[in-house]
Structure formats: structure tokens, C-alpha cells
Amino acid sequence: MTNADDILKNPYVFEFLGIPENKPILERDLEAKLIRHIEDFLLELGRGFMFVGSQQRITINNNHYYVDMVFYNKILRSYILIELKTTKLNVADGGQLNTYLNYYKTEINDDNDNPPIGIILCAEKDDITAEYILGGFENNVYASKYVTILPDKQELIEEVENALKE
């Protein structure tokens, strides 16, 4: 397991947060809940993840930007930058995260680090739109959907059947 595709998931299940189904939530509230449940969140992310911090400031030409959550993956030997979006994936999300990745690659990475990886965790995404938004970046930028509850049994069966067809 030395490649990002082997470690990243889609969707991520945040059932441990106790957010009712279809209840709107602000990005800062989602982030606060994830930090309060950091151990559960790390388990959901998968192997090798270590929490670096939240709202990590980046300064570019005297302008401050903030990465929602930063992790380091010891298996991949790279920083993982996560942007939380409580809405559908949109065009601006990819450019925002790509900027942060460029900064980390230039200013934060050590010589023995691999390039950073970006994950946009969004409430909704479709693969076709994601392909156009994220395609062509030099950096590794991914979008994964998150859910706050597990789907019911029938939805899980359909998901498995669809995955087997692909």
C-alpha cells in the first residue's frame, strides 16, 4: 500500500458524529465534531494517518488561507490536506485545494516527503463532474463523498452490485 488510491475511500462514513440524516450542517460545525471525535475519524480515514492540526494557516503574498484539516500519512510519507464541504463539489473547490497543495509541496515538505495529497470531503459529488473539476492537476487531488449515516440494507446491496458490475 504505497499509493493514494489504495488508501483513500469513497464514501467516508461519519455515523459516529451523530448528525441526523438530511440535517444541514455548517463546515465549521462539521470540522469541530470531527476534531472532538478525532480517534474515530482517524479510524475511518484508515491506516497510517496522524493528525497534524486544523485550520492550518498558509500565507501567500501577505494573504492568509486556512486548510481545514491536515494529516500526515506515514505509509505514504506525505501530508494529506482535507477540505470539508457541506455542499456538492464545485469548480472552486479543486482550485482552492490545488493552491494549498502547491504551497505545501514548496514550503512545508521535507526532502524525504512525497508530494502532498488533497482530499475534498463533500456532501455530494458525481464522478463525471469530479473528473472535470479535478482532472489535469499536477497534484494528487481527490474528492470523496461523506455520509453521516450508513445506508439501509437495500442501498448497500445495490452499491455492492453496482461496484461488481464495474
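These numbers were taken from a predicted model, which means no experiment stands behind them. (Residues numbered from 1 in each chain as written. Predicted model: local features only at pLDDT ≥ 70, side-chain atom pairs only at ≥ 80, totals over all residues. Heavy atoms only, no water.)

Trainee: Please explain the pairing of strand β6 (residues 140–147) as it appears in this structure.
Mentor: Within a regular strand, the side chains alternate between the two sheet faces. Sheet topology note: the strand β1 (residues 12–13)/β6 ladder contains two bridges and is parallel. Bridging across to β6, Y12 finds its partner in Y146. Across six bridges, strand β5 (residues 117–124) lies against β6 in parallel orientation. Residue C122 lies in a different strand from β6, and its bridge partner there is K145. Between β5 and its parallel partner β6, the chain crosses via helix α5 (residues 127–134), and the hand of that crossover is right-handed. (Pairing = 2+ DSSP bridges. Helix = DSSP H or I, 4+ residues; strand = E, 2+ residues; numbered from the N terminus. Right-handed = clockwise from strand over helix to strand, strands pointing away.)

Trainee: Explain the packing of aromatic side chains here, please?
Mentor: Describing an aromatic ring pair means giving the distance of the ring centres and the angle of the ring planes. If you walk through the whole model with that rule in mind, you get eight aromatic pairs. Note on F14 and F41: the rings are 5.5 Å apart at their centroids and 80 degrees apart in plane angle, and the pair reads as edge-to-face. Of the two residues, F14 sits in the loop between β1 and α2 (27–36) while F41 sits in helix α3 (residues 38–45), which places them 27 residues apart along the sequence. Overall, the relative accessible area of 0% leaves F14 in the buried class. You can call F41 buried: its relative accessible area is 0%. Taken together, a centroid distance of 6.4 Å and an interplanar angle of 65 degrees make the contact between Y103 and Y104 edge-to-face. (Phe/Tyr/Trp six-rings, centres within 6.5 Å; stacked < 30°, edge-to-face > 60°. Buried < 20%, exposed > 50% of the residue type's maximum accessible area, 1.4 Å probe, protein only.)

Trainee: When you look at the pairing of strand β3 (residues 63–73) in this model, what are you seeing that I'm missing?
Mentor: Strand direction decides the pairing type here: strand β2 (residues 49–60) and β3, joined by ten bridges, are antiparallel. Directly across from F51, in β3, lies its bridge partner F71. Of the strand pairs in this sheet, β3 and strand β4 (residues 78–88) are connected by five bridges, and their pairing is antiparallel. Note on β4: the bridge partner recorded for Y72 is Y79. The loop that links β3 with its antiparallel partner β4 comprises four residues; one of these, R77, has a positive phi angle of about 55 degrees.

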